[in-house]
Amino acid sequence: MHTVSRTRHIMGALIALGLTAAVVPAHAVQKGDWLIRGGLGRVSPTGESGTVPVVGGKVEAGNSTNLAVNFTYMLSDNMGVELLGALPFSHDITHNSLGKVAETKELPPTLVLLYNFAPKSGVRPYAGVGLNYTTFFSEKTTGALAGTSLKLDDSFGLAVEAGVDVDLNKDWFLNASLWRMNIDTEANSSLLGKFDVAIDPWALFVGLGKRF
């Protein structure tokens, strides 16, 4: 909930900036444009595991922040295809009674078909839906599971996005976007066996974009 609240404030501030910056003319986005955005991405998992075999209880993944980038190609003035990428996100995995039991890294490339609601405006809200693929790697056990092995399966799932671009000049713009991703994996522990884990994060992106 805190992530959603912060995102609403950030996106509201960007919209207000665009509406009040009357000295900056609007520069239309149109068919054939490339939009490249770079900035910070924060992944905030909201799910947890099923009951963990042997010890009971549940595990969940912690928040992570890293550099992110996305690329959009405009198929028409309104429709575009966007690819989200990032440096690996690192997550602590904690058990509700054992504390931190593992760490993992993940990459969540996501492909989205989006609709730009106001391509000729200096403030351009958009929304989209697509497919997320998440791969987990560099799993490391700690605490009560130290010395054992843990593997998390890769995940495919739906993703939805809402965002806004705010022009700074004819080439550069600010961006904020919020993603909801369906990420479900199966954990395989050499000590505890197999159990399902729902990551299901909100992903917040804030950055600077350039039009080509």
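Residues numbered from 1 in each chain as written. Predicted model: local features only at pLDDT ≥ 70, side-chain atom pairs only at ≥ 80, totals over all residues. Heavy atoms only, no water.

Here we take up the overall build of the protein. A tally of regular secondary structure across the protein gives one helix and 14 strands. Split into buried and exposed, the 212 residues of the protein put 43% on the buried side. The long-range share in the protein, meaning contacts at least 24 apart out of those at least 6 apart in sequence, stands at 68%. For the protein, the exposed area adds up to about 10000 Å²; of that, 64% sits on carbon and sulfur atoms. (Helix = DSSP H or I, 4+ residues; strand = E, 2+ residues; numbered from the N terminus. Buried < 20%, exposed > 50% of the residue type's maximum accessible area, 1.4 Å probe, protein only. Contact = heavy atoms within 4.5 Å. Areas by Shrake-Rupley, 256 points an atom, 1.4 Å probe, with all protein chains shown as cover.)

Turning to the side chain of T110, a few remarks are in order. Within the secondary structure, T110 sits in strand β7 (residues 110-116). A residue is classified by how much of its surface remains accessible, and T110, at 0% relative accessible area, is buried. Side-chain polar atoms of T110 contact the side chain of N132, separated by 2.9 Å. Excluding its chain neighbours within four sequence positions, the residues that come into contact with T110 are E82, L83, L84, L131, N132, A159, W179 and M181. (Polar contact = N/O pair within 3.5 Å; in protein donor to acceptor, adjacent residues only side chain to side chain.)

The side-chain alternation of β7 yields one buried face, formed by T110, V112, L114 and N116, and one unburied face, formed by L111, L113 and Y115. Of the strand pairs in this sheet, strand β4 (residues 79-86) and β7 are connected by six bridges, and their pairing is antiparallel. Looking across to β7, one finds that L84 is bridged to T110. For β7 and strand β8 (residues 123-141), the ladder comprises seven bridges, and the chain directions are antiparallel. When the bridges of β8 are listed, V112 appears paired with G130. The turn joining β7 and β8, which pair antiparallel and follow one another in sequence, is formed by six residues. (Pairing = 2+ DSSP bridges.)

What follows deals with the pattern of salt bridges. Scanning the model with the defined rule gives eight salt bridges in all. Note that K170 is salt-bridged to D171, the shortest N-O span being 3.1 Å. When its relative accessible area of 24% is taken as the criterion, D171 is described as partly exposed. One salt-bridge network, in which partners are shared between bridges, spans R37, E82 and D165. (Salt bridge = Lys/Arg side-chain N within 4 Å of Asp/Glu carboxyl O.)

Attention shifts here to the nonpolar core. Ranked by internal contacts, the top residues of the largest apolar core, which has 28 residues, are V59, I93, W179, M181 and F195. Ignoring anything within four residues of it in the chain, the contact list for W179 reads E82, L84, T110, V112, V160, E161, P201, W202, A203 and F205. (Core = buried A, V, L, I, M, F, W, Y, C linked by side-chain atoms within 4.5 Å.)

For the rest of this paragraph, the subject is the sheet that holds strand β12 (residues 184-189). In space, the three strands of this open sheet follow the order β9-β12-β13, with antiparallel pairing throughout. Of all strands in the sheet, those bounded by a partner on one side alone are β9 (150-152) and β13 (193-198). Ignoring strand direction, the axes of neighbouring strands in this sheet form an average angle of 20°. (Axes fitted to C-alpha atoms, helices over the stretch in contact; angles between N-to-C directions.)

Before going further, it helps to examine the side chain of T104. Along the polypeptide, T104 turns up in strand β6 (residues 99-107). What makes T104 buried here is its relative accessible area of 3%. At 3.4 Å, the side chain of T104 forms a polar contact with the backbone oxygen of F137.

What follows is about the pairing of strand β3 (residues 64-74). Pairing of strand β1 (residues 34-45) with β3, which is carried by ten bridges, proceeds in the antiparallel orientation. Across the sheet, residue R37 finds its bridge partner in β3, namely N70. Sheet analysis places β3 next to β4, joined by seven bridges and oriented antiparallel. Bridging across to β4, F71 finds its partner in L83. Where β3 hands over to β4, the hairpin turn is made up of four residues, counted between the paired strands.

This brings us to the packing of aromatic side chains. Where two aromatic rings form a pair, the distance of their centres and the angle of their planes describe that pair. Throughout the structure, instances matching the rule amount to three aromatic pairs. For the ring pair W34 and Y73, a centre distance of 5.1 Å and an interplane angle of 50° mean the geometry is tilted. With W34 in strand β1 and Y73 in strand β3, this pair connects stretches of sequence that are 39 residues apart. Its relative accessible area of 31% is what places Y73 among the partly exposed residues. Cation over ring: R124 sits above F173, and NZ or CZ is 5.7 Å from the ring centre. A cation over a ring is seen here: K210 above F212, with NZ or CZ 4.3 Å from the ring centre. (Phe/Tyr/Trp six-rings, centres within 6.5 Å; stacked < 30°, edge-to-face > 60°. Lys NZ or Arg CZ within 6 Å of the ring centre and 35° of its normal.)

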